[in-house]
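# Architecture at a glance
The lines below spell out each chain.
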Amino acid sequence: MNRVVCPGSFDPITFGHLDIIARASSLFDEVVIAVMVNKTKKTLFTVEERMEMAREVSSKYPNVKVDSWSGLLVDYCKANSINTIIKGLRAVTDFDYELQMSQMNLQLQNVETLFMSTSPSHSFLSSSLVKEIASYGGDVSSYIPAPVLVRLKARLDSLAALPEEK
Ligand code: PNS
């Protein structure tokens with residue numbers, strides 16, 4: 001079986017991620033969305049919440065599954081007998097770091113990385129920008145699926161209701 005892993009923080013998953021996942025699902029027998037836990041990165045959503053959202057919005061693709069991992073991506077690949085990573089490339093600004101990681105992953109465990117160019121309609125999109133715009137009350141409904149929007153608004157509202165830190 002031809003399997004590929006699509007890794008990321010998915011904090012939260014956007015239409016840009018889904019575009020890559022959907023297109024990968026037509027090229028591979030199975031696509032695994034790997035929600036990565038990075039202990040040094042502060043996320044808005046827990047790993048369980050990020051997985052739930054990813055599951056919810058990818059449920060129409062029968063060959064897409066969701067998993068999580070804390071540690072090196074190549075160790076996930078080896079533990080699950082997956083030899084290929086797929087990454088979306090938005091612009092040249094993504095390229096340097098993605099190239100470096102792909103070469104390191106090849107060196108570490110002989111895991112290949114394939115880059116898929118993001119649809120032009122999503123080339124400017126990132127989870128960080130979506131969170132920033134939403135936190136200032138901007139409309140992000142065209143960038144994230146409806147169930148994700150509901151959770152994002154609820155999370156931002158609950159954070160806004162907290163007393164300010166001094
Ligand atoms: O959505 P992100 O935060 O841009 O995704 C980056 C991610 C999680 C795919 C990348 O940081 C990663 O692969 N992290 C896992 C740890 C790891 O394997 N680090 C070494 C990379 S060469």
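Scroll up to find the structure this text is about.
Residues numbered from 1 in each chain as written. Predicted model: local features only at pLDDT ≥ 70, side-chain atom pairs only at ≥ 80, totals over all residues. Heavy atoms only, no water.

Moving on, we come to a nonpolar patch on the surface. Taken together, Leu72, Met104 and Leu108 make up a surface patch of nonpolar side chains, about 290 Å² in accessible area. Looking at the secondary structure, you find Met104 in helix 4 (residues 92–109). (Patch = residues over 30% accessible without salt bridge, like charges linked within 9 Å, V, L, I, M, F, W, Y side chains within 5 Å. Areas by Shrake-Rupley, 256 points an atom, 1.4 Å probe, with all protein chains shown as cover. Salt bridge = Lys/Arg side-chain N within 4 Å of Asp/Glu carboxyl O. Helix = DSSP H or I, 4+ residues; strand = E, 2+ residues; numbered from the N terminus.)

Here we come to the pattern of salt bridges. Going through the model one piece at a time under the given rule, you end up with eight salt bridges. Salt-bridge contacts for Glu56 lead to Arg151; the nearest nitrogen and oxygen are separated by 3.9 Å. Taken together, the positions of Glu56 in helix 2 (residues 47–58) and Arg151 in helix 6 (residues 146–160) put the pair 95 residues apart, joining distant regions of the chain. Take Glu56: its relative accessible area is 41%, and that puts it in the partly exposed class. The class for Arg151 is partly exposed, based on a relative accessible area of 25%. Between Arg90 and Asp94 there is a salt bridge, with its nearest N and O atoms 3.0 Å apart. (Buried < 20%, exposed > 50% of the residue type's maximum accessible area, 1.4 Å probe, protein only.)

If you look at the biggest cluster of nonpolar residues, it comprises 32 residues, and the most contacted ones within it are Ile13, Ile33 and Leu152. Broken down by secondary-structure element, the contributors of at least two residues to this core are strand 1 (3–8), helix 1 (15–25), strand 2 (30–37), helix 2, strand 3 (64–70), helix 5 (127–135) and helix 6. Per element, the largest residue contribution to this core is five residues, and it comes from helix 2. For Ile13, the contacting residues outside a window of four places in its chain are Ile21, Met53, Ala54, Val57, Ile144, Pro145 and Val148. Among the nonpolar cores identified, the runner-up in size contains eleven residues, and Met36, Leu73, Val74 and Tyr76 belong to it. (Core = buried A, V, L, I, M, F, W, Y, C linked by side-chain atoms within 4.5 Å. Contact = heavy atoms within 4.5 Å.)

Take the side chain of Glu49 next. Looking at where Glu49 falls in the secondary structure, it is placed in helix 2. Looking at Glu49, its side chain comes within polar contact range of the side chain of Arg155, at 2.6 Å. Setting aside chain neighbours within four positions, we find Glu49 in contact with Leu44, Arg151 and Arg155. (Polar contact = N/O pair within 3.5 Å; in protein donor to acceptor, adjacent residues only side chain to side chain.)

Next up on the list: the packing of aromatic side chains. Evaluation of the coordinates by the stated rule reveals three aromatic pairs. Here the aromatic rings of Phe124 and Tyr143 are separated by 5.9 Å at their centres, their planes lie at 80°, and the arrangement is edge-to-face. Linking Phe124 in the loop between strand 5 (112–117) and helix 5 with Tyr143 in the loop between helix 5 and helix 6, this pair joins segments that are 19 residues apart in sequence. Judged by relative accessible area, Tyr143 falls into the partly exposed class, the value being 24%. (Phe/Tyr/Trp six-rings, centres within 6.5 Å; stacked < 30°, edge-to-face > 60°.)

Time to look at helix 1. In terms of residue burial, helix 1 counts as a mostly covered element, since eight of its eleven residues are buried. Buried within helix 1 we find Gly16, Leu18, Asp19, Ile20, Ile21, Ala22, Ala24 and Ser25. Its buried side turned inward, helix 1 meets strand 1, strand 2, helix 2, strand 3, strand 4 (84–89) and strand 5. The N-cap residue of helix 1 is Thr14: its side-chain oxygen and the backbone nitrogen of Gly16 are 3.0 Å apart.

None of the figures reported here should be taken as evidence of function without further support.
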